[in-house]
Amino acid sequence: MKIAVILPLVAPPFVQKNALRHFSRIDGREVFLRTLEIYTPREEVSQRIVVVTPSDMEEMHDRFASHLGFQDVTVATGGSDWASCIARALEKLQPDIDTLLIHDACCPAVPYTLLDALEDALAKAPPTVAGIVPVLVNTRLTVDQYRYLFEDSRAKAVFVSTALLTTIQEAAADLPNVKQIVVVGGGPASVPRLDTLL
């Protein structure tokens, strides 16, 4: 399996457009760099693409070109919105990529166990065969923001850690498109668990 990760440096549709978050810092390092580093040690990740709006490209080049080049990160100029940034990143995909992840560059708080479980599930049932489009989301969203994501994406299933189960259940309550919530890494017996489904 060869995975490409797209990290758009533009606010997704459910975030305020004026929130310039990607150059914010956590412990002295830009948030998007911390998100990028999640995928550095992963063998299955063959390509990492950072997509920048035209207005941010000069700053990206001046401040981060050598760092990103050293890490073999592809930098693409996108449009001014989320969708056009994703479209431009798709143009940069290497031909041997068979799995694509889109990760909000401003959300480095993703448990490694969740990424491990996702990679394991993808290896056992490739998404192109299973018809799955995996989407990683920030674990610090509100119930309303999760609900918006589930409605907007027409998600059929949600894979969630035990810690977020209650929040996700509340967000998905009464949504006709969400057919299944699956817990990764344990959880109550009343909810399907990924380890028993595989």
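The structure this text deals with has already been given above.
What counts and what doesn't
- Residues numbered from 1 in each chain as written.
- Predicted model: local features only at pLDDT ≥ 70, side-chain atom pairs only at ≥ 80, totals over all residues.
- Heavy atoms only, no water.
- Phe/Tyr/Trp six-rings, centres within 6.5 Å; stacked < 30°, edge-to-face > 60°.
- Helix = DSSP H or I, 4+ residues; strand = E, 2+ residues; numbered from the N terminus.
- Buried < 20%, exposed > 50% of the residue type's maximum accessible area, 1.4 Å probe, protein only.
- Arc of directions from axis to C-beta.
- Pairing = 2+ DSSP bridges.
- Axes fitted to C-alpha atoms, helices over the stretch in contact; angles between N-to-C directions.
- Contact = heavy atoms within 4.5 Å.
- Core = buried A, V, L, I, M, F, W, Y, C linked by side-chain atoms within 4.5 Å.

Participant: Which residues make up the packing of aromatic side chains, and what are the values?
Facilitator: Scanning all chains against the criterion turns up 2 aromatic pairs. Between Phe 32 and Phe 64, the aromatic rings sit 5.0 Å apart at their centres with planes inclined by 90°, giving edge-to-face as the arrangement. With a gap of 32 residues between them, Phe 32 in helix H1 (residues 31-38) and Phe 64 in helix H2 (residues 54-70) connect regions that are remote in the sequence. Given the relative accessible area of 1%, Phe 32 is considered buried. Residue Phe 64 is classed as buried on the basis of its relative accessible area of 5%.

Participant: Could you give me a rundown of helix H3 (residues 82-91), with the residues and numbers involved?
Facilitator: Residues separated by three or four positions in an α-helix point in the same direction, a consequence of the helix having 3.6 residues per turn. Inspection of H3 places Cys 85, Ile 86 and Ala 89 among the buried residues, and these make up the whole buried set. Buried residues of H3 fall within an arc of 100° about the axis and therefore sit on the same side. Counted as exposed and oriented over 90 degrees from the buried face of H3: Ala 83 and Glu 91.

Participant: Which residues make up the sheet that holds strand S5 (residues 74-77), and what values do they have?
Facilitator: Spatially, S5-S4-S1-S6 is the arrangement adopted by the 4 strands of the open sheet, whose pairing is parallel. The open sheet is flanked by S5 and strand S6 (99-102), the only strands paired with a single partner. Direction aside, neighbouring strands of the sheet carry axes that sit 25° apart on average. Note that strand S1 (residues 3-8) and S6 share 4 bridges and pair parallel. Each bridged residue has a counterpart across the sheet, and for Ile 6 the counterpart in S6 is Ile 102. Contacting S1, strand S4 (45-52), S5 and S6, H3 runs over the sheet at an angle of about 145° to S1.

Participant: Go over the nonpolar core with me, naming the residues and quoting the values.
Facilitator: Core analysis: the largest hydrophobic core is formed by 23 residues, its most contacted members being Phe 32, Val 50, Met 60 and Leu 68. Where this core is concerned, the elements lending two or more residues are S1, H1, S4, H2 and helix H4 (112-124). Residues contacting Met 60, with those up to four places away along its chain left out, are Leu 9, Phe 23, Phe 32, Val 50, Val 52, Ala 65, Leu 68 and Val 75. Counting 16 residues, the second-largest nonpolar core is a separate cluster that includes Leu 141, Phe 150, Leu 165 and Val 183.

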